[in-house]
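# Coordinates in review
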Amino acid sequence: METHMLDFAVPSSHPALNGRKTATSARDSFSAYDSKYLTVPQNRTSLHRSGTNGALEASVVSYRSSIINNYVEGSQAGARDKASPSGLHFRDSKRKVDYVLAYHYRRRLAQHVPGAASPEPRCGSASVALVSNGGTGKGRAEPQQQQHDGQRALQEWPGVVELSPLDTLEEERRLQREEYERNLLEAGLEIEKDPENKSQGLSFVRIHAPWQVLSREAELLKIKMPTKKMYEITEEKGILKTLNEIWCKLTEPLQPQVPQQEDTKMKTLSYPFSREKIYLYNIKDRDTFFDNATRSRIVREILKRTSTKARNSMGIGTLIANNVYDAAYPLHDGEYEGQNDDMNERKLLYEEWARYGAFYKFQPIDLIRKYFGEKIGLYFAWLGLYTEFLIPSSVVGIIVFLYGCVTIESDIPSKEMCDQRNAFTMCPLCDKFCDYWNLSSACATARASHLFDNPATVFFSIFMALWATMFLEQWKRLQMRLSYFWDLTGLEEEEEHPRPEYETKLLQKKLKNKNITTESTNENEKEKLTWIDRMPGYAANFGLILFMILLAFSAVFGVIVYRITTAAALSFSADETTRSNARVTVTATAVVINLVVVLILDEIYGAVAKWLTEIEIPKTEKIFEERLILKAFLLKFVNSYASIFYVAFFKGRFVGRPGRYVYVFEGYRMEECAPGGCLMELCIQLSIIMLGKQLIQNNLFEIGIPKLKKLFRKLKDERTEVKEMDTNQSKHPQQWDLDYILEPFTGLTPEYMEMIIQFGFVTLFVASFPLAPVFALLNNIIEVRLDAKKFVTELRRPDTVREKDIGIWYNILSGIGKLSVIINAFVIAVTSDFIPRLMYQYAYSQNGTMHGFINHTLSYFNVSQLKAGTQPENSLFAQEVSFCRFKDYREPPWSPHQYEFSKQYWAVLSARLAFVILFQNLVMFLSVLVDWMIPDIPKDISEQIKKEKTMLVDFFLKEEHEKLKLIESFVARDKRKRRSGSKGRRSRAASFSQCHRSPRGSSTSFSSQHTVV
């Protein structure tokens, strides 16, 4: 309907009349909304034809006053305090603040009298100066602006002034701001600025996008908006519907109290916005048709593509990088706390989602998506699903742990080890200072190992592999469901703007080559950075990443050396208690040291990964983010799991045997596993690193670091600003002041990264620590509310980004899931005693039981064959020792092939490799089967998408048919008017000239011809 209203002509031959007609036509054509938003003198209103789709747009040519220091002095200051009490609008309390630019200024001279330098405001409220524009062309504005700038410069600086380097830089930034803000005005945005009434301080530029700009940009960005058509969603039938209703009733107390759609069975048909088809959309109020998130997204796109000639700045990103502006951000919807009864979306999110007291409630995903955008909404939806899936895995993990506790008394190998009558005399653990010892002294370790090293852990490993597959499949289904309800189906990849660093590097290349002039824009578009330009960055990446990986391995080796040397030192102690507890002391302290090293290197690796990605000079933000994720994940994965891999697969494998041990540093023997095996130590290592990272890094750092940064920024601003009386300063800080203090949003990479590393702890080595899902679940219950509180209260409002999936993170999750199958197969086969026990029971046991298993796994060594100087000094062992035992499958001293690997060793090794192959193929087959059985797209969603496409075509045809009918009715009415008019003229002509009557046929012929025309 609006398209017909704009269809009027403007004569150009009479300028004075043109202004009046234009104003009258504009008032007749636009709604009351537009008259509010275009606060400019009417006699300067004109119309121009937009270049987009040839549609007519109303534009306003405002007086080109300076956009710097537009403010009101003296008695008008009181009006500022009364205006815009919410802090979300311009001072006229009508136009929304869609975006805010913040910058620090420094005035070189004393404040000039504003009346002489700045013209009286010509528009807006009487209390403030508003700079507004509806889309003025460049040609008409620049001469006035240049003339006015010249006059103001002469008034402010009447003589030649020599500027200091700091003043020169500040003046250059001021000029860049002026030019950039002029270009924003020419793009159609409206601007309101704070007065610069101090010698230095913080100032804000508030930006509002009028309807014409919103509709134009929404069409360019192909933003889907709701149409007038609604249709019913097909519900599930049968038992699924009954189960769903029961589930909804049971979980009703867990639902957040947020506004829901009135009829959840109905869905609005959405279509990319088009001004030519504006009659299709359900526009009840232009103020609320585009929500705040969409408005800020549109303004952000304009800010990113608006450039300045000074320093060839390519958008707001470059200006912030050059410190022309300090920050650019959309506003939160108001306070999240307070006594006022005004409920906004931010306050609602805080009360129903971002408080620790709401930990038991489901997340309001739709409201999160509406407020923060689809990308952040998908993150919290993924985190919520991951947390829900941890519940069944936690239950099964607890059952496996309890099974170990229940069967510990009936475990024959641990009974044999604890039985002091089976006097297994073990070889010394170190040279010279260590004595022989009884195996029964390691009873506690053996019993504890059974809690995690039992047949149930094999079942749990298979279960967790299938759990990971089901989780990923369920996420794909949920992702598709959200894409349907959030209108993300068919979302096209938007063309991203190049990063400022890429544009700067490209400009340097052009200037260096000196082959392309600034006027040849076509050639500039073809110019790009090649792999040769990036070669130094690639070389630095390869070298530094390799160095960082070696650094992580060096840290692990350092901890190994610490364990070896500390164990040797404690064995020299005269205290019997110290010597007996040496292994526990060394293990505990080494794990704590390893945790500290991991936390420190994690922070270093994050900064290194970001720097390495920057020197690669990726073209777009998406490419930058993907490369940063890959580098950070590789480095942090190696850092987090290097020590765990060592304990699981390398510790105790290269020890040697008595009489021929492997030494490091000429005297220190390689460390061995505990008598009960390395699985218990792997469990301790995994649990402490996992819990330590979650408690310290994921929680304390996330809470403490943002608060410290906020305090530091506040103290810095207070220190840099001069204490001056500001008569225009409002008593209560506005929303843009409050949001500026908050921490800027830097992306979701840290949030995803900590969850992905945790996912690795839960799946990769779950055979050694069945309780890992339990601790992950407890952490995530806190993590969801912690992240929610950070987003709502600690961070500036992020720019909304439309994404239909979680991107490269899904590929990483899928890779970890497949890797977990292989690692758990090797943990069960190599690290645990599952295969040796199985082999003994079914191949070597005389009665098919586990009796005699400990004796079977221990080899004999003749103590007389110990090297000189390695025998125990002053042995206090109760009896004379001729043979000592050590854990390995080797031939006895009386064998012709003494101390060589026995047949049992090769049999067990073969069984271990066979188990790895069998386990891996079985679990992979089951995973593929689960993947095949669960479709990626739910059947009901697939049918709804097809139904929506059909209904969209029918809706278009129906609306076009009604439009055609309306046009035909207008044409028919016009024909009737013309026909009646021609008859009236013929009757008057007949009565006037009865004597000179013309032939009837000719008159009729003319009339019919005229009607057809």
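Residues numbered from 1 in each chain as written. Predicted model: local features only at pLDDT ≥ 70, side-chain atom pairs only at ≥ 80, totals over all residues. Heavy atoms only, no water.

## What to know about the overall build of the protein chain
A count of helices and strands for the protein chain gives 34 helices and 17 strands. When the 1013 residues of the protein chain are sorted by exposure, 49% land in the buried category. Sequence-distant contacts, at least 24 apart, represent 80% of the contacts inside the protein chain between residues at least 6 apart. Accessible surface computed for the protein chain: about 51,100 Å², of which carbon and sulfur atoms make up 59%. (Helix = DSSP H or I, 4+ residues; strand = E, 2+ residues; numbered from the N terminus. Buried < 20%, exposed > 50% of the residue type's maximum accessible area, 1.4 Å probe, protein only. Contact = heavy atoms within 4.5 Å. Areas by Shrake-Rupley, 256 points an atom, 1.4 Å probe, with all protein chains shown as cover.)

## Concerning the confidence of the model for the protein chain
Averaged over every residue, the pLDDT of the protein chain is 76; the share at 70 or more is 77%. Contacts of residues 110–160 to residues separated by more than four positions or lying in other chains number 109 contacts, the stretch itself having pLDDT below 50. Contacts for the low-pLDDT stretch residues 992–1013, under 50 throughout, to residues beyond four places or in other chains number six contacts. (pLDDT = per-residue confidence, 0-100.)

## Observations regarding the nonpolar core
Counting 124 residues, the largest nonpolar core has Trp353, Phe372, Trp382, Tyr386, Trp467, Phe765 and Ile806 as the members making the most contacts within it. Among the elements that make up this core, the one with the highest residue count is helix α24 (residues 621–649) (15 residues). Those residues in contact with tryptophan 382, other than ones at most four positions away along the chain, are Phe471, Trp475, Tyr752, Met755, Ile756, Ile806 and Leu813. (Core = buried A, V, L, I, M, F, W, Y, C linked by side-chain atoms within 4.5 Å.)

## A short note on the packing of helix α18 (residues 455–485) against helix α32 (residues 903–933)
Running from N to C, α18 and α32 point in directions that differ by 30°, and their axes come no closer than 10 Å. With respect to α32, the axis of α18 lies roughly parallel. The two elements α18 and α32 cross, and the hand of that crossing is right-handed. Between α18, through Val458, Ser461, Ile462, Ala465, Leu466, Thr469, Met470, Glu473 and Lys476, and α32, the contact on the second element is made entirely by Phe915, Phe919, Val923, Leu926, Ser927, Val930 and Asp931. (Axes fitted to C-alpha atoms, helices over the stretch in contact; angles between N-to-C directions. Parallel < 35°, antiparallel > 145°, perpendicular 65-115°, else oblique. Left-handed = near helix turned anticlockwise from the far one by under 90°.)

## Section: the packing of helix α21 (residues 531–571) against helix α23 (residues 582–616)
Two numbers describe a pair of packed helices, the interaxial angle and the distance between the axes. Two elements in contact, α21 and α23, have axes whose closest approach is 10 Å; the angle formed by their N-to-C orientations is 170°. In terms of axis orientation, α21 runs roughly antiparallel to α23. Looking at the contact of α21 with α23 residue by residue, the class counts come to 23 nonpolar, six polar and three charged. (Nonpolar A, V, L, I, M, F, W, Y, C, P; charged D, E, K, R; others polar.)

## Section: the environment of proline 272
Structurally, the position occupied by proline 272 is in strand β8 (residues 266–272). Taking the C-alpha atoms as reference points, proline 272 and glutamate 219, 53 residues apart in sequence, are found 7.0 Å from one another. Look past the residues within four positions of proline 272 in its chain and what remains in contact with it is Lys222, Ile223, Lys224 and Tyr281.

## Focus on the packing of aromatic side chains
Under the definition given, this model contains 53 aromatic pairs. With a centroid separation of 4.9 Å and an interplanar angle of 75°, the aromatic rings of tyrosine 379 and tyrosine 752 are classed as edge-to-face. Note that tyrosine 379 is positioned in helix α15 (residues 374–406) and tyrosine 752 in helix α27 (residues 749–763), a separation of 373 residues in sequence. As far as burial versus exposure is concerned, tyrosine 379 and tyrosine 752 are alike and both buried. Ring plane angle 80° and centroid distance 5.0 Å describe the contact between tyrosine 905 and tryptophan 906, whose orientation is recorded as edge-to-face. A relative accessible area of 24% means that tyrosine 905 is categorised as partly exposed. (Phe/Tyr/Trp six-rings, centres within 6.5 Å; stacked < 30°, edge-to-face > 60°.)

## Regarding the environment of threonine 227
Tracing the sequence through the fold places threonine 227 in strand β7 (residues 224–232). Along the sequence, threonine 227 and isoleucine 278 sit 51 residues apart, while their C-alpha atoms lie 9.2 Å from each other. Setting aside anything within four residues of it in sequence, one finds threonine 227 in contact with Thr268, Leu269, Ser270, Tyr271, Leu280, Tyr281, Asn282 and Phe955.

## Description of a positive patch on the surface
A cluster of basic side chains, namely Arg973, Lys975, Arg976, Lys977 and Arg979, defines a positive patch on the protein surface. Inspection of the secondary structure puts arginine 979 in helix α33 (residues 939–992). Take arginine 979: its relative accessible area is 37%, and that puts it in the partly exposed class. (Patch = residues over 30% accessible without salt bridge, like charges linked within 9 Å, V, L, I, M, F, W, Y side chains within 5 Å. Salt bridge = Lys/Arg side-chain N within 4 Å of Asp/Glu carboxyl O. Lys, Arg positive; Asp, Glu negative; His and termini not counted. Charge placed at Lys NZ, Arg CZ, Asp CG, Glu CD.)

## Observations regarding the environment of lysine 903
As for its position among the elements, lysine 903 is in helix α32. Given a relative accessible area of 70%, lysine 903 falls into the exposed group. Sequence separation between lysine 903 and glutamate 891 is twelve residues, and the spatial gap between their C-alpha atoms is 8.7 Å. In this structure, lysine 903 is in contact with Tyr844 and Glu891, ignoring residues within four places of it in sequence.

## So, the side chain of glutamate 196
In this fold, glutamate 196 is placed in the loop between β5 (190–193) and β6 (200–208). Using a relative accessible area of 6% as the deciding quantity, one classes glutamate 196 as buried. Within the structure, glutamate 196 has its side chain in polar contact with the side chain of tyrosine 103 (distance 2.6 Å). (Polar contact = N/O pair within 3.5 Å; in protein donor to acceptor, adjacent residues only side chain to side chain.)

## Overview of helix α30 (residues 834–844)
Among the residues of α30, Phe834, Ile835, Pro836, Arg837, Met839 and Tyr840 are the ones counted as buried. Looking at the buried positions of α30, the neighbouring elements they touch are α16 (412–418), α17 (443–450), α18, α29 (808–831), α31 (853–857) and α32.

## Details of a nonpolar patch on the surface
On the surface, a cluster of nonpolar side chains totalling about 640 Å² of accessible area is made up of Tyr356, Phe359, Tyr360, Ile703, Leu778, Ile781 and Ile782. If one sorts the elements of the nonpolar patch by residue count, helix α28 (residues 772–794) sits on top with three residues.

## Description of the pattern of salt bridges
In the structure shown here, the tally under the stated rule is 38 salt bridges. Between glutamate 374 and arginine 369 there is a salt bridge, with the nearest N and O atoms lying 3.0 Å from each other. Using a relative accessible area of 22% as the deciding quantity, one classes arginine 369 as partly exposed. One connected set of salt bridges, linked through shared partners, spans Glu171, Arg174, Glu178 and Arg182.

## Points about unusual backbone geometry
With a phi angle near 60°, serine 93 is a residue other than glycine that sits in the positive phi range. By the secondary structure assignment, serine 93 is in the loop between α4 (77–82) and β3 (99–106). For asparagine 323, which is not a glycine, the phi torsion comes out positive at approximately 65°. Position of asparagine 323 relative to the elements: it lies in the loop between α12 (316–321) and β9 (327–329).

## Thoughts on the pairing of strand β16 (residues 858–862)
Among the five residues that make up β16, four are buried, leaving the element largely enclosed by the rest of the structure. Here five bridges tie β16 to strand β17 (residues 883–887), and the two strands are oriented antiparallel to one another. Within the sheet, the bridge partner assigned to tyrosine 860 lies in β17 and is arginine 885. (Pairing = 2+ DSSP bridges.)

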